2 protein chains.
Amino acid sequence: MVKRSETPARLDDAARAGWLYYVAGRTQDEIAAAMGISRQSAQRLVSLAVAERLIKVRLDHPIAACLELGSQLRRKFGLKHVEVVPSDPASSSTTVGIAEAAAAEIERWLKRPEPIVLAIGTGRTLKAAVDQLPAIECPNHRIVSLTGNIAPDGSAAYYNVIFSMADAVKARHYPMPLPVLVTSAEERELLHGQQLVRSTLNMSAQADVTFVGIGELGIDGPLCVDGFLEKDEMMELMRGGAVGEICGWIFDVDGRLIDNPINERVASAPIPSRDASMVIGLAKGKRKFKAIRAAVVGHQINALITDEETAEFLLKN
Amino acid sequence: MVKRSETPARLDDAARAGWLYYVAGRTQDEIAAAMGISRQSAQRLVSLAVAERLIKVRLDHPIAACLELGSQLRRKFGLKHVEVVPSDPASSSTTVGIAEAAAAEIERWLKRPEPIVLAIGTGRTLKAAVDQLPAIECPNHRIVSLTGNIAPDGSAAYYNVIFSMADAVKARHYPMPLPVLVTSAEERELLHGQQLVRSTLNMSAQADVTFVGIGELGIDGPLCVDGFLEKDEMMELMRGGAVGEICGWIFDVDGRLIDNPINERVASAPIPSRDASMVIGLAKGKRKFKAIRAAVVGHQINALITDEETAEFLLKN
DNA sequence: TCGTTTGTTGAGTAATTGCCCATGAGCGAA
DNA sequence: TTCGCTCATGGGCAATTACTCAACAAACGA
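Under an unreviewed UniProt entry, the name given to chain A is Sugar-binding transcriptional regulator, and the source organism is Rhizobium ruizarguesonis. Per UniProt, chain A carries the Sequence similarities (unreviewed entry) text "Belongs to the SorC transcriptional regulatory family."

Structure follows, in structure tokens:
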């Protein structure tokens, strides 16, 4: 976690230095002279401004290749919305680029004047996206989490994104006061029957837009790494044809939720309607190819933010 | 004028290079390797991306000092909206900073879903602001020029901003097919009576939002430099108490339009209502202090985008 | 076809920036 | 008060970026 809470005065200086550097186009030497500090301090302020995301860079040009891939994907899979960002071949990150694009998309939704319900899933990509959000006030909107916020060991689940979101966005937030996986279908029924949980579930079913990460399976996949499933449970699932998951809901290569005890123990809200609302999946990278493909063909999502490389895979296969 | 119309393919490369540099954070060496070009070429693409404004940087932090100045100004002068950007003490430019802020404000208006009429004045500051606009499509909106587009020598007036705006913004544009200054009040009546001109004038009177520059008088002021007024006419005006102008309408230190033959020859549309609409003035800099002050106290405008230095002057005087 | 012009390229170099480290100030605990 | 710790600072230096220049290539016009 990045160090929180720099003193406001320092952030103020950082903003000023960042402004002079990026907007006014001065050198760090000039900034140092203007602000009466050493060049090194000026450099620190500038990089602090970047680190604290006071400076937002956006690319305002539709890269033709990406647009083209996007519209082909939209056509081929009948998606409502597709955004393709350039690939960075040298980077193995599964978030760079997508996070920025997704943050911009989230921001667009949050800036709508009419009140909306925004549902949010979980995962590293989504976390990275939410971390890119600037401070926004939108008291009219409601933001609801689709997944529980309690990790298997009882601690708060780190990748439960809604809390990160609450840091930046001033809106009503509704976390899901549940574990991610419960011990049995019966327990799930019981928990979902609670008044508080029921109202959150109802709200999520009415989401106008939903952002979810798409997780791959495998012993390196998030479900195992974060301790939700044991290795042998994972192997069992994969033998049963599972290839990916969204909010814990595990699906096969055709994007159908598989019939397996694990899926009966998922306490997440169902993914909101792909007919009546926008469900935007975020994912890229070779390891996720199969999972993304399945989610798209099985209409677990109806919109996608991904990168060129992944887009090309989806078009060819 | 910046060189127009790079080939799309090159802009595409520039966008890609810019993305890799600013968003993905790679060095120019890495970009060069990835794109199969020399490092120098990569550098050129990156700076092309910046020069063509494909890369937009925005500062997402309310600098406390600026906010404070802004709200004080709003209170003191009863303005509807004030934006204060940091001063860059080393730069004598009258546009840096304001242009970016104004472009962002224009963009916000243009992104509104309901159709609006946006009126636009003239001047270097406004030109710089419009040059910062990204490409936007907004077929619902109408953009109307308050000032004529014919310079005294009969050529197209360079600082008639609406044409620059048309380059970036896809909306209906209504230039004012008139000179800026005509030879007499009678000629103005005649020209304003023409059907085409009348409908443009009517539209400007219904503007929802108006952006204007504030010009200072003096033999170095825009009216003289651009050849609209002779030196002696200017001296005469200043002896008569004139301190500034907006769209050619000349006012005194209290912001009242002065009673002078020149003002009877101004062919611009009247500044839209400050009671019913938003009229945003853009200006900063010592030379404009008096003119800005007059425009604000005389309610020629009801909103202001300026810099710290100017804001401090306005508060103290 | 042959200059001429315009624009692109890579090399070299100057300017700028990022990072490491030693220093010392500030502060709490002994 | 002194010790030990943390952290901001500025110097120095390596990495990175921006600029200039000369060579070259494509486009153009005679």
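From this point, things continue past the structure.
S.K.: Where do I start with the packing of aromatic side chains in this structure?
M.R.: The geometry of two aromatic rings is summed up by the distance between their centres and the angle between their planes. All names here are of chain A. Scanning the model with the defined rule gives four aromatic pairs over all chains in all. Taking 4.4 Å as the distance between ring centres and 20 degrees as the angle between the ring planes, the aromatic pair formed by phenylalanine 289 and phenylalanine 313 counts as stacked. Taken as a pair, phenylalanine 289 in helix H13 (residues 289-297) and phenylalanine 313 in helix H14 (residues 308-316) lie far apart in primary sequence, 24 residues in all. Exposure class is identical for phenylalanine 289 and phenylalanine 313. Each is buried.

S.K.: In this structure, what is going on with the interface of chain B and chain A? I would like to understand it.
M.R.: Every contact between the two is made by 37 residues of chain B and, on the other side, 37 residues of chain A. Where chain B abuts chain A, roughly 3,300 Å² becomes buried across the two surfaces, and 62% of that area is made up of carbon and sulfur atoms. Counting the surface chain B buries against chain A, the share from its top three residues, Arg16, Trp19 and Arg58 of chain B, is 20%. Counting across the interface, chain B meets chain A through four salt bridges.

S.K.: Which parts of the structure should I look at to understand the sheet that holds strand S3 (residues 117-120) of chain A?
M.R.: In any sheet, the strands associate via hydrogen bonds between backbone groups, in a parallel or an antiparallel arrangement. Residues and elements named next belong to chain A. Read from one edge of the open sheet, seven strands run S2-S11-S10-S6-S3-S4-S5, paired in parallel fashion. Here the strands that pair on one side only, and so sit at the sheet edges, are strand S2 (81-85) and strand S5 (169-179). If you compare each strand with its neighbour and ignore which way they point, the axes differ by 20 degrees on average. The pairing of strand S10 (residues 278-282) with strand S11 (residues 303-307) spans three bridges and is classified as parallel. Paired with leucine 282 across the two strands is isoleucine 305, which belongs to S11.

S.K.: How should the UniProt feature "domain: HTH marR-type" (unreviewed entry) in chain A be read in this particular structure?
M.R.: Per the UniProt record, the feature "domain: HTH marR-type" (unreviewed entry) sits at residues 19-58 of chain A. A distance of 15 Å separates the end C-alpha atoms of residues 19-58 of chain A, which is 65% helix and 10% strand.

S.K.: Can you walk me through the domain arrangement of chain A in this structure?
M.R.: Interface size is commonly expressed as the accessible area that is lost once the parts come together. When cut into domains, chain A gives domain 1 (8-51) and domain 2 (64-316). For domain 1 of chain A versus domain 2 of chain A, the separation of C-alpha centres amounts to 38 Å.

S.K.: Any chance you could explain the relation of the copies chain B and chain A here in plain terms?
M.R.: There are two copies of the chain, and a rotation about an axis plus a shift along that axis relates them. When chain B is fitted to chain A, the best match, at an RMSD of 0.1 Å, comes from turning it 180 degrees and sliding it 0.0 Å along the axis. The operation mapping one copy onto its partner corresponds to a two-fold rotation axis. For chain B, the smallest separation between a C-alpha atom and the rotation axis is recorded for valine 57 of chain B, amounting to 2.1 Å. Both copies share a contact surface, since 100% of the interface residues of chain B are interface residues in chain A too.

S.K.: Please clarify how the side chain of lysine 56 of chain A should be interpreted in this entry.
M.R.: With respect to the helices, strands and loops of the structure, lysine 56 of chain A is situated in strand S1 (residues 55-59). On the basis of relative accessible area, lysine 56 of chain A is assigned to the buried category, the value being 17%. One polar contact links lysine 56 of chain A to glutamate 107 of chain A, side chain to side chain, over a distance of 3.0 Å. Look past the residues within four positions of lysine 56 of chain A in its chain and what remains in contact with it is Glu107, Gln132 and Pro134 of chain A together with Lys56, Val57, Arg58 and Asp60 of chain B.

S.K.: What is the right way to look at the pairing of strand S4 (residues 136-150) of chain B in this model?
M.R.: In the case of a regular strand, side chains alternate between the two sheet surfaces. Residue and element names in this part refer to chain B. Direction of pairing for strand S3 (residues 117-120) relative to S4: parallel, over a ladder of four bridges. Opposite valine 117, over in S4, you have arginine 142 as the bridge partner. Handedness of the crossover is the feature at issue here: the chain leaves S3, passes through helix H6 (residues 124-131), returns alongside S4, and the resulting connection is right-handed. Pairing geometry for S4 and strand S5 (residues 169-179), over seven bridges, is parallel. Each residue of the ladder has a partner; that of valine 144, found in S5, is tyrosine 174.

S.K.: Would you mind going over the packing of H13 of chain A against H14 of chain A with me for this structure?
M.R.: For any two helices packed against each other, one specifies the crossing angle of their axes together with the interaxial distance. Residues and elements named next belong to chain A. Two elements in contact, H13 and H14, have axes whose closest approach is 10 Å; the angle formed by their N-to-C orientations is 60 degrees. With respect to each other, H13 and H14 are oriented oblique. Note that H13 runs across H14; the crossing there is right-handed. When H13 is examined against H14, the residues Phe289, Ile292 and Arg293 are found in contact with a partner set consisting of Glu309, Thr310, Phe313 and Leu314.

Calculation rules
- Residues numbered from 1 in each chain as written.
- Chains lettered and ligands numbered in written order.
- Predicted model: local features only at pLDDT ≥ 70, side-chain atom pairs only at ≥ 80, totals over all residues.
- Heavy atoms only, no water.
- UniProt positions renumbered as here; feature names shortened; annotations may be inferred.
- Phe/Tyr/Trp six-rings, centres within 6.5 Å; stacked < 30°, edge-to-face > 60°.
- Helix = DSSP H or I, 4+ residues; strand = E, 2+ residues; numbered from the N terminus.
- Buried < 20%, exposed > 50% of the residue type's maximum accessible area, 1.4 Å probe, protein only.
- Contact = heavy atoms within 4.5 Å.
- Buried area = accessible area lost by both parts, 1.4 Å probe.
- Salt bridge = Lys/Arg side-chain N within 4 Å of Asp/Glu carboxyl O.
- Pairing = 2+ DSSP bridges.
- Axes fitted to C-alpha atoms, helices over the stretch in contact; angles between N-to-C directions.
- Domains from an automatic or database assignment.
- Least-squares fit on C-alpha atoms with pLDDT ≥ 70 in both.
- Polar contact = N/O pair within 3.5 Å; in protein donor to acceptor, adjacent residues only side chain to side chain.
- Right-handed = clockwise from strand over helix to strand, strands pointing away.
- Parallel < 35°, antiparallel > 145°, perpendicular 65-115°, else oblique.
- Left-handed = near helix turned anticlockwise from the far one by under 90°.

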